[in-house]
Amino acid sequence: LESKLYCMQICISCSFCDCVKQTVQSHGIKGLYRGLSSLLYGSIPKSAVRFGVFEFLSNHAKDESGRLDSTKSLLCGLGAGVMEAVLVVCPMETVKVKFIHDQTSANPKYKGFFHGVREIVRAQGLRGTYQGLTATVLKQGSNQAIRFFVMTSLKNWYKGDNPNKAINPLVTGLFGAIAGAASVFGNTPLDVIKTRMQGLEAHKYKSTLDCAMKILRYEGLAAFYKGTVPRLGRVCLDVAIVFIIYEEVVKVLNMVWKTE
């Protein structure tokens, strides 16, 4: 069993490396950054909604000593994830996925991010930017629930009986990376379904459930974990950096005015 798992890890790593190699050969280094503009346009409002809602909910969920327990953190994270999914993530991810798929096609029709948005709205209406909403809500809700649950659990463990104990940014980054890894293993299947529902071939699926059933029927259970390795590396680094920035910004805000 161990040898089989080792072989599977090697195959996945080789597939990832081969993907990078072929992309660079076909499109140059620039090819690795396709769809970056739509990702950048969505990152700022997404983080603002996520942490803004989490702060609002968590401030009402803390006990008298100012401590937030893991269970309440999970619920606050769930609420933050659902809100960011509805307000920001779904439309931005739909555009991003369609833009990337279009740019990798033989005859790309989108000249840029804003042109792509304009063409999608013109052809499909505003609803065209909200494809896969159910899958996105499930994915983002579970994503943030897992991340904030793990992050809060680790912080509470580290602080022990002293809720005011300072946490070094490097420790925060480590905890963030662990939280990111947990979210990857916890909801990659939902991410795969969401991506399919928002792609150019989304018309093949009647609903989120229909998409999941067709993937399972025609591609097998392993298809739900496609891209886990490259996503793991990206998400761990991403979440680690985001939580470091978040914690340091909160410290600065607490120096300026009371936020807790």
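Everything discussed here concerns the structure shown above.
Below is a short write-up of the structure. Here the structure is a predicted model, which means the values were calculated and not measured.

Analysis parameters
- Residues numbered from 1 in each chain as written.
- Predicted model: local features only at pLDDT ≥ 70, side-chain atom pairs only at ≥ 80, totals over all residues.
- Heavy atoms only, no water.
- Salt bridge = Lys/Arg side-chain N within 4 Å of Asp/Glu carboxyl O.
- Helix = DSSP H or I, 4+ residues; strand = E, 2+ residues; numbered from the N terminus.
- Buried < 20%, exposed > 50% of the residue type's maximum accessible area, 1.4 Å probe, protein only.
- Lys, Arg positive; Asp, Glu negative; His and termini not counted.
- Contact = heavy atoms within 4.5 Å.
- Patch = residues over 30% accessible without salt bridge, like charges linked within 9 Å, V, L, I, M, F, W, Y side chains within 5 Å.
- Areas by Shrake-Rupley, 256 points an atom, 1.4 Å probe, with all protein chains shown as cover.

### What to know about the pattern of salt bridges
- Tallied over the full model, the rule gives nine salt bridges.
- Of the charged contacts in the structure, one is a salt bridge between R196 and E219, with a shortest N-O distance of 2.9 Å. With R196 in helix α6 (residues 169–198) and E219 in helix α7 (residues 208–219), the pair connects residues that are 23 residues apart, well separated along the chain.
- According to the relative accessible area criterion, R196 is partly exposed, its value standing at 22%.
- Residue E248 is joined to K251 by a salt bridge in which the shortest nitrogen-to-oxygen separation is 3.2 Å.

### As for the side chain of R147
- Residue placement: R147 occurs in helix α5 (residues 133–159).
- Although buried, R147 forms no salt bridge, and the nearest oppositely charged side chain, D238, lies 5.3 Å from it.
- When residues no more than four places from it in sequence are discounted, the contact partners of R147 are R50, A179, G180, S183, V235 and V239.

### Details of a nonpolar patch on the surface
- The grouping of L237, I241, I245, V249, V252, L253, M255, V256 and W257 at the surface amounts to a nonpolar patch, some 910 Å² of accessible area in total.
- You can see L237 is positioned in helix α8 (residues 228–256).
- Among the residues examined, L237 registers a relative accessible area of 55% and is labelled exposed.

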